[in-house]
Amino acid sequence: MASLLCNARIQLTDTLEQMQQGTLMRKVKSKSWKKQRYFKLQEDCMTIWYQSKRTGKTESAFSISDVETVREGHQSEVLQSVAEEFPPERCFTIVFYGRRGNLDLIAGSAEEAQCWIQGLRQLIEVATTMDQREKIDQWIRDWFQKADKNKDGRMNFKEVQRLLKMMNVDMNEDHALRLFQDADKSESGTLEGEEFVLFYKALTQREEVLSLFQEFSEDGKKLTLLELVDFLREEQLEDEGTEELAMELIDKYEPSETARARHVLSADGFLMYLCSVEGSIFNPQHRALWQDMSQPLCHYFISSSHNTYLIEDQIRGHSSIEGYIRALKRGCRCLEVDCWDGPNGEPMVYHGHTFTSKIPFREVVSTLGKYAFKTSDYPVILSLENHCSMEQQEVVAQQLKDILGEQLLTATIDGHVPTQLPSPEELKHKILLKAKKIGRLEDTLDGPGDEVPDVSDEDNGAEAEEERRRAKKDKETLAQALSDCVIYCKNVPFQGFQEARSHSRPSEISSLSEAKARKLIRDEGNEFVRHNAWQLTRIYPSGMRTDSSNYSPQEMWNVGCQIVALNFQTAGTEMDLCDGLFSQNGCCGYVLKPPFMRDKETLFNPSDPSSWEGPSPITLTIQVISGQQLPKVANSKEGAIIDPLVRVEVYGVPADQAHQETKYIENNGFNPRWDETLQFQLHVPELALIRFVVEDYDKTSRNDFVGQFTLAFANIKPGYRHIHLLSKDGTSIPPSSLFVHIRITEPPGPEQD
């Protein structure tokens, strides 16, 4: 059984054996909540259980694949709060993917802490480099452990029936018994080790993949190199270097050595390819950095967060450094800081006039300095809501300069007044402050910012007078040192597109509430698109959203707004769209806008079809074929099996917004078959996002969410593809997937006969 239980790539070191024996450590939730828990690595080397020392009850378990990283020492707010009591070498933090809270631990000695830190890191390395086959094997091991009630490493038929229920399979007893007996080669009445793998293989036989394989295979047993090339060209529409690709896929995914040597692909290898990155709906070349990064900042959509310091709601929520770390790790490039006067001359960050907790500004800046460029090299914009007195503004400026040093941009990149914004490429590894500024950028460049701006001849007298008055007023409320840190993102009130155009200052930026933005989209859609072709605009959620809910970012992107700030802490469709758009281009937080949104004289208006260039609509045809190992619905009744349906939603310009769904399949979350075709017309495909959602049908109440996957239309690969589903939190849930066929039909161009 051991061979089944432990991942083949894990070498059992002394460290791991020590972890399997178990260790008593303190779990810490706050300065006053520190309780002893017994932590133990399970035999599969992929699961950790911990139990209460007092009751001996297993409190919880987590899988190594849920862990993103391990931090050593006092690297969380909780552990910093007990720093005087416990030395850093005994402390560590386990950080999970998604929105799950950290696990802060204190070991009995530095040696024990190191044992767990190194051991966990070794296992995380294995978990993150698993291919699809290893993920499925791991999935089998997890289930085997859950169902092997008496822990004897074997499974009788009763245990197998329980397992099927747990796995979302509703199978009649005779059929289950037949599969069980076929796999029980030793005829012992139980399945162990390899027998269980055989049983699982019979259970997961993919008829729809087999018939596709046989369509292209002359003898029905293998695909020759040429047959595979035919499949790749005809179905997958791979048109460049297809022979090389076919050779590569055989080398990578064919399990049999002899088949590899003969350059053929078996049905097993074919399935492995279809389940791999190359067989995924997401174009693998677009996962990496694939766009031009040398255009002005305003030509990109920028991943942006609102109230970044909150990890719950906006009234009583907990303000936390973790909010910043999580956002930056997701590739977010515009963060928000609400800064208020704090005790002892130390500015604090929190949501003003509410009961949210507070964090020192200094800690936010240190975190920013440390994590800003771990996921992306491109610039971070720090959006500062400044509520501080003059004295503490000086402190804010000093802390920014002292802590960030070279990272903080304090001058234009070439020393000249910009005629357009610099590019992400030119601003690599720089942090830009977005805040109010005294006077104009040119005044800072001409020399010290003491004098109120001169009136030049070209300036209209009355307007210049107004600017003078405003600069004077700003000098009374703004510290010069802080004002001097603002270069390319000077906050100005929005006074209409004409007004902005007449000044033409690309380094100014206006922030609009979602309601104000919607009104402008409705009344002046084309002007809005033109404005965003040369200046940045930030949109933020309405103040009424005290529950930290989100608005749809799509309508804002439709007019080219770059900084569309969302509450990253709140899962849901809106964050799925955000993750979907920014999961391309190396997750760098910048996505280049389509050409018709980068032209200051563009005629494009998302609400007016007559303004769209391009030919008539393209057709997106999606055949939803089947689902694999769909997860159970959270908090569902014991033994309940889902009735899954698939809904495909299109987000884009108003004329393209649409959704269609399949029928639901009763009692089968394990391998449902739909075989239904859905079709959509896309007029502006460059702005379209496609969201695949699986739900558990319920005729009496709202359907329950099962999983989803969202991507930009531009990143879709046609042909037979798997869609690897994500949880509500945006984390992966292997091996849950959908199998689909995608066809994209362009309208015939005028040149074609």
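What counts and how
- Residues numbered from 1 in each chain as written.
- Predicted model: local features only at pLDDT ≥ 70, side-chain atom pairs only at ≥ 80, totals over all residues.
- Heavy atoms only, no water.
- Pairing = 2+ DSSP bridges.
- Helix = DSSP H or I, 4+ residues; strand = E, 2+ residues; numbered from the N terminus.
- Buried < 20%, exposed > 50% of the residue type's maximum accessible area, 1.4 Å probe, protein only.
- Arc of directions from axis to C-beta.
- Phe/Tyr/Trp six-rings, centres within 6.5 Å; stacked < 30°, edge-to-face > 60°.
- Lys NZ or Arg CZ within 6 Å of the ring centre and 35° of its normal.
- UniProt positions renumbered as here; feature names shortened; annotations may be inferred.
- Polar contact = N/O pair within 3.5 Å; in protein donor to acceptor, adjacent residues only side chain to side chain.
- Salt bridge = Lys/Arg side-chain N within 4 Å of Asp/Glu carboxyl O.
- pLDDT = per-residue confidence, 0-100.
- Contact = heavy atoms within 4.5 Å.

Per an unreviewed UniProt entry, the protein chain goes by Phosphoinositide phospholipase C and derives from Ficedula albicollis.

Undergrad: Describe the pairing of strand S2 (residues 34-41), listing the residues and the values that go with them.
TA: Sheet topology places strand S1 (residues 23-28) next to S2; six bridges connect them, and they run antiparallel. Looking at the pairing, Lys 27 lines up with Lys 35 of S2. Following S1, the chain reverses through five residues before pairing antiparallel with S2. Alignment of S2 against strand S3 (residues 47-52), held across five bridges, turns out to be antiparallel. Bridge pairing in S3 links Leu 41 to Ile 48. Counting the residues in the hairpin turn of S2 and S3 gives five residues, including Cys 45, whose phi is positive at 60°.

Undergrad: Requested: an account of helix H16 (residues 361-371), with residues and values cited.
TA: The set of residues buried in H16 consists of Phe 361, Val 364, Val 365, Thr 367, Leu 368 and Tyr 371. Buried residues of H16 fall within an arc of 160° about the axis and therefore sit on the same side.

Undergrad: Outline the packing of aromatic side chains, supporting the account with residue identities and numerical values.
TA: Evaluated as defined, the whole model comprises 20 aromatic pairs. On the numbers, 6.2 Å between centres and 35° between planes, the contact of Phe 196 with Phe 199 is tilted. Note that Phe 196 and Phe 199 are positioned in helix H8 (residues 194-203) at a spacing of three residues, about one turn of the helix. A relative accessible area of 1% places Phe 199 in the buried class. Considering the side-chain rings of Tyr 664 and Tyr 697, the 3.9 Å spacing of their centres and the 10° angle between planes classify their relative orientation as stacked. Taken together, the residues Tyr 664 in the loop between strand S25 (658-661) and strand S26 (673-682) and Tyr 697 in the loop between strand S27 (689-696) and strand S28 (704-712) connect sequence positions 33 residues apart. Among the aromatic residues, ring-to-ring pairing joins Phe 213, Phe 216, Phe 231, Phe 270, Tyr 720 and Phe 739 into one connected group. The residue whose ring lies beneath Arg 100 is Phe 96, and the NZ or CZ to ring-centre distance is 4.0 Å. Looking at Arg 287, its charged tip hangs above the ring of Phe 282, at a distance of 3.8 Å from the centre.

Undergrad: Can you explain the UniProt feature "active site" (unreviewed entry) in the protein chain? Please cite residues and give values.
TA: Cross-referencing UniProt, the feature "active site" (unreviewed entry) maps to His 306 and His 351 in the present numbering. Sequence-wise these annotated residues cover 46 residues; spatially they are packed, their C-alpha atoms never more than 11.1 Å apart. In this structure His 306 comes out as buried when scored by relative accessible area, which is 8%. With respect to the helices, strands and loops of the structure, His 351 is situated in the loop between strand S14 (348-349) and strand S15 (359-360).

Undergrad: For unusual backbone geometry, give the residues involved together with the corresponding values.
TA: Cis geometry marks the peptide bond from Pro 734 to Pro 735; its omega dihedral reads -5°. Inspection of the secondary structure assignment puts Pro 735 in strand S30 (residues 732-745). Phi at Asn 307 takes a positive value of approximately 45°, unusual for a residue other than glycine. When you line up the elements, Asn 307 lands in the loop between strand S12 (300-305) and helix H15 (321-329). For Asn 307, a relative accessible area of 1% corresponds to the buried category. With a phi angle near 60°, His 429 is a residue other than glycine that sits in the positive phi range. Looking at where His 429 falls in the secondary structure, it is placed in the loop between helix H17 (390-404) and strand S17 (431-435).

Undergrad: Explain the UniProt feature "binding site: Ca(2+) 5" (unreviewed entry) in the protein chain to me, and be specific about the residues and the numbers.
TA: When the UniProt feature table is mapped to this numbering, "binding site: Ca(2+) 5" (unreviewed entry) covers Asp 696, Tyr 697 and Asp 698. According to the relative accessible area criterion, Tyr 697 is partly exposed, its value standing at 28%. Along the chain, Asp 698 falls in the loop between S27 and S28.

Undergrad: Break down the side chain of Thr 367 for me, with residues and values.
TA: With respect to the helices and strands, the residue Thr 367 is situated in helix H16. By relative accessible area, Thr 367 is classed as buried at 9%. There is a polar contact of 2.8 Å between the side chain of Thr 367 and the backbone oxygen of Glu 363.

Undergrad: Run through the pattern of salt bridges, naming residues and quoting values.
TA: Enumeration over the complete set of coordinates arrives at 30 salt bridges. Ionic pairing is found between Arg 505 and Glu 508, a salt bridge with its closest N-O pair at 3.4 Å. What makes Arg 505 buried here is its relative accessible area of 13%. What you see here is one network of salt bridges that share partners, running through Asp 576, Arg 647, Glu 649, Glu 661, Arg 691 and Glu 695.

Undergrad: Got a sec to walk through the confidence of the model for the protein chain? Specific residues and values, please.
TA: Mean pLDDT over the protein chain stands at 90; residues scoring 70 or higher make up 93%. A low-confidence stretch, residues 447-457 stays under pLDDT 50, and its non-local contacts, those more than four residues away or across chains, total 16 contacts.

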